[in-house]
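Letter by letter, the chains look like this.
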Number of protein chains: 2
Amino acid sequence: MTRPTNEPWLLTPGPLTTSKTTKDAMLRDWGSRDMAFLNTNRRIRSILLDLVNAADSHECVPVQGSGTFAVEAALGTLIKNTDKTLVLVNGAYGKRIARILEILGLNFTVQETPENQPNDVDALAGQLHSDPAISHVVAVHCETTSGLLNPIAEIADAVAKAGRKLIIDGMSAFGALPIDARDTQFEALIASSNKCLEGIPGLGFALIEKTALANAKGTSRSLCLDLFDQWQTMESNAQWRFTPPTHVIAALDSALSQLIAEGGPAGRLDRYKNNCRRLVNGMRALGFATLLPDTLQAPIIITFKMPTAKNFIFSNFYDHLKDQGYVIYPGKLTIIDSFRMGCIGHLTESQMSGALSAVEVALQRLGVAYPLKTPSPTNQTQRNVL
Amino acid sequence: MTRPTNEPWLLTPGPLTTSKTTKDAMLRDWGSRDMAFLNTNRRIRSILLDLVNAADSHECVPVQGSGTFAVEAALGTLIKNTDKTLVLVNGAYGKRIARILEILGLNFTVQETPENQPNDVDALAGQLHSDPAISHVVAVHCETTSGLLNPIAEIADAVAKAGRKLIIDGMSAFGALPIDARDTQFEALIASSNKCLEGIPGLGFALIEKTALANAKGTSRSLCLDLFDQWQTMESNAQWRFTPPTHVIAALDSALSQLIAEGGPAGRLDRYKNNCRRLVNGMRALGFATLLPDTLQAPIIITFKMPTAKNFIFSNFYDHLKDQGYVIYPGKLTIIDSFRMGCIGHLTESQMSGALSAVEVALQRLGVAYPLKTPSPTNQTQRNVL
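Residues numbered from 1 in each chain as written. Chains lettered and ligands numbered in written order. Predicted model: local features only at pLDDT ≥ 70, side-chain atom pairs only at ≥ 80, totals over all residues. Heavy atoms only, no water.

Asks: Could you give an account of the relation of the copies chain B and chain A, naming the residues involved and the relevant values?
Replies: Superposing chain B onto chain A takes a rotation of 180 degrees plus a shift of 0.0 Å along the axis, which leaves an RMSD of 0.0 Å. The transformation just described matches what one would write down for a two-fold rotation axis. The rotation axis passes nearest to the C-alpha of G65(B) in chain B, at a distance of 2.3 Å. A high fraction, 100%, of the interface residues of chain B reappear at the interface in chain A, so the copies pair face to face through one surface. (Least-squares fit on C-alpha atoms with pLDDT ≥ 70 in both. Contact = heavy atoms within 4.5 Å.)

Here it is, written out as structure tokens:
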């Protein structure tokens, strides 16, 4: 693989390592109103729908910015002042959704579970039953805070059964973890160019149920983040309302071709599962403990508990890994001290093995004896912390 | 110059032609929390302030998205519900600012001049005198709709003399047209990575006066577009709140180095002036008429009146130019039928000459005799249209 000297492998949840082919797609300038670019735009919108079999039921509306821009845009476009939203929270991204609703001045309530436990579907059903004012539920498919996989199909069933609307933050799941619009009812599914799709960052999108989108005129509290207006313009002339990130879009177009060549989301998930298994097994062999039991772990990003060994200073550990060409991620949990290692991006088991060797070297350099002696992921100490 | 086969030159206001060096800067993935990237981020924010001598008085706050995202973000962050804003309008971008204020539910009024006439500074001074409720004035430095240069220094003087605050949309001017924060008072100056800075699209920024920014906590109606919150986070750890467009930022870093090597904004302006002169002279020799007299023309983008010759069909003209490797831009005027040709981007007089030859060939292919017989830019017919 041809790579710039000293370019590290990014074991992060995004920005992540992308392929040379994807980056090479940015070596050309596109006129944003030119037919060739408009065709690219149409193709991307169509493929994103096809990835979850949503072409008949939904529209794809992309928007400039990070994934959170797409989340705020979708919430602000679809949720009216008369609506009430229930947010399922078990990490920072669920909390961020609640914060957006608060800033937009919308009526909402939160159902929270601990960061190492999935959304509670029975409690959700109960709350929908007891509070008829709730019109929308927002859930996070894979909570990147912990790496936890929420039971999105069960959530969708409970919401549909109660006759409410579901909005899914699929940011770090879309393109790898299975979801099918024909089986899983959602009003909107939101993601970005830069996670499992392995594009570069700068673009988000929402797949929005057609009737809901058609009824969303004038709801948005923002010009830039109005997905109804964005959609109307794209339908009329395939153009973006405001200067599109042409190079990011060209990179996503290339990345989607590569995804299809890999066998689509199922093929990509296989690679990520192998990456995850290799990384978790290797780290456990070195004595690291995962936050989550394997049954809750999405093969996206893994949270490891911070070792208690005296010489294990995270910033030094990080630097020793960086020196060896691997960038990892700090923890984001409130419940325990932790760090994270991603297994998505243009990475294979070969890079996972390389990262494990680098971890071993880092421990040696830090003077930390291994295998480490850390609590196991399910022991009492951790429960007490919660 | 090494370029992909069939890549056209973009004679557009953005996305525009960027250098190979700028695009090559995107061939690497960066961890968004890694020190090397954080240093890039700091460097860019510092250089953007230095370009207009604003380091002592202002803060640079970048935001993901297009230039309009930065405009909406700055307006929403700085203008409070108790404020009243006067928008100077002589084109689509002024109108867009008014539309943003309307959607944000803010109190505003508009002072409009025709699309081929600059903002009226005397009328501005009069309105500020007669309406003491006006707290803010928003002006567009170069109105890309027409290519017109508004008298920003005089506007700033009138606003400062009246004790009000000025917000400048400097989108297509910043990095080339002169502006100096030590002489020209502004509360905010907004621009993007992708115009005269010759970066790639996907990033906007606002240079915001320090006291105004410090007083902006909680004003924004959006999470993503809250520049106070964005600034606070960047000041605390140099990180972006949400996934930054790392490749776009790396490209801007490279583009800024190239701007400095070209002699800064003054050096770049020289090149653009030469481009503009070559293009306007050549087009006039072929019989095309500019919308604007030379005294009002910014060397950014030139509006040409649509020829009246029977065989001159714009879409065919566009295609013949595209075939020859030059992309131009449709008109955006409401007053007359027109098209536009940009002279910014990584282009020199050599590309202007090439474009002129291509125009001549296009006229031949269309069967349009030239020099064309079109009205001169200052004649009575055009005035009557207004």
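On we go.
Asks: Break down the side chain of K23(A) for me, citing the residues and quoting the values.
Replies: By the element assignment, K23(A) lies in helix α1 (residues 20–24). The contacts of K23(A), once residues within four sequence positions are left out, are E7(A), T18(A), M26(B), L27(B), R28(B), D29(B) and H247(B). (Helix = DSSP H or I, 4+ residues; strand = E, 2+ residues; numbered from the N terminus.)

Asks: I'd like a rundown of the confidence of the model for chain A, residues and numbers included.
Replies: Averaged over every residue, the pLDDT of chain A is 95; residues scoring 70 or more account for 95%. Note on residues 376–386 of chain A: pLDDT under 50 across the span, and 15 contacts to partners over four residues away in sequence or across chains. (pLDDT = per-residue confidence, 0-100.)

Asks: Got a sec to walk through the interface of chain B and chain A? Specific residues and values, please.
Replies: Counting residues at the interface gives 59 residues for chain B, matched by 59 residues for chain A. Overall, the association of chain B and chain A removes approximately 4,600 Å² of surface from exposure, summing both partners, and the carbon and sulfur fraction of that is 61%. At the surface where chain B touches chain A, the tally comes to 4 salt bridges. Across the pair K322(A) and D34(B) runs a salt bridge, and its minimum N-O distance is 2.4 Å. Taken together, chain B and chain A are joined by 18 residue pairs in polar contact (both at pLDDT 80 or more). Residue assignment for the side of chain B that touches chain A shows that the elements contributing at least two residues are α1 (20–24), β2 (58–64), α3 (67–78), α4 (92–103), α9 (246–261), α11 (314–323) and β13 (329–330) of chain B. Per element, the largest residue contribution to the side of chain B that touches chain A is 4 residues, and it comes from α4(B). Class assignment for the residues of the side of chain B that touches chain A results in 26 nonpolar, 18 polar and 15 charged. (Buried area = accessible area lost by both parts, 1.4 Å probe. Salt bridge = Lys/Arg side-chain N within 4 Å of Asp/Glu carboxyl O. Polar contact = N/O pair within 3.5 Å; in protein donor to acceptor, adjacent residues only side chain to side chain. Nonpolar A, V, L, I, M, F, W, Y, C, P; charged D, E, K, R; others polar.)

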